[in-house]
Amino acid sequence: MNREVTLPLIVDERGTLQVSAAEVSKLLRTVGGRWLRLVEAGQEGLDEDTVAALTIELAKLADRIDVACIAHSSGGAP
């Protein structure tokens, strides 16, 4: 399954980006990591397989953001 995701970026009145792609990527990985730690700690109501699948998808999205940024900064196509 290949779905495209568009993330709106927050800019100020001068057009300055307020949240960097690196911060978004880090946030996605952090959320997944926290979910996994909750499962490992035995948090009730969390299905281990579901959390693992969601964490993997968050990491994939973070990877895509990183790759697109690398391509952009090196002058390549996203």
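Peer 1: Could you give an account of helix H2 (residues 48–73), with specific residues and numbers?
Peer 2: Its 26 residues place the ends of H2 37 Å apart at the C-alpha level, agreeing with the 38 Å of an ideal helix rising 1.5 Å per residue. All buried positions along H2 are accounted for by Val51, Thr55, Leu58, Leu61, Ala62, Ile65 and Ala71. Among the structural elements, helix H1 (21–40) are those in contact with the buried residues of H2.

Peer 1: Any chance you could break down the nonpolar core for me, citing the residues and the numbers?
Peer 2: Leu28, Leu58, Leu61, Ala62 and Ile65 together form the largest nonpolar core, which totals five residues. Of the residues forming this core, the biggest block, four residues, is contributed by H2. For Ala62, the residues in contact, after removing those within four places along its chain, are Ser25, Leu28 and Arg29.

Procedures and definitions
Residues numbered from 1 in each chain as written. Predicted model: local features only at pLDDT ≥ 70, side-chain atom pairs only at ≥ 80, totals over all residues. Heavy atoms only, no water. Helix = DSSP H or I, 4+ residues; strand = E, 2+ residues; numbered from the N terminus. Expected span 1.5 Å × (residues − 1). Buried < 20%, exposed > 50% of the residue type's maximum accessible area, 1.4 Å probe, protein only. Contact = heavy atoms within 4.5 Å. Core = buried A, V, L, I, M, F, W, Y, C linked by side-chain atoms within 4.5 Å.

It is worth stressing that arrangement in space is one thing and function is another; only the former is reported here.
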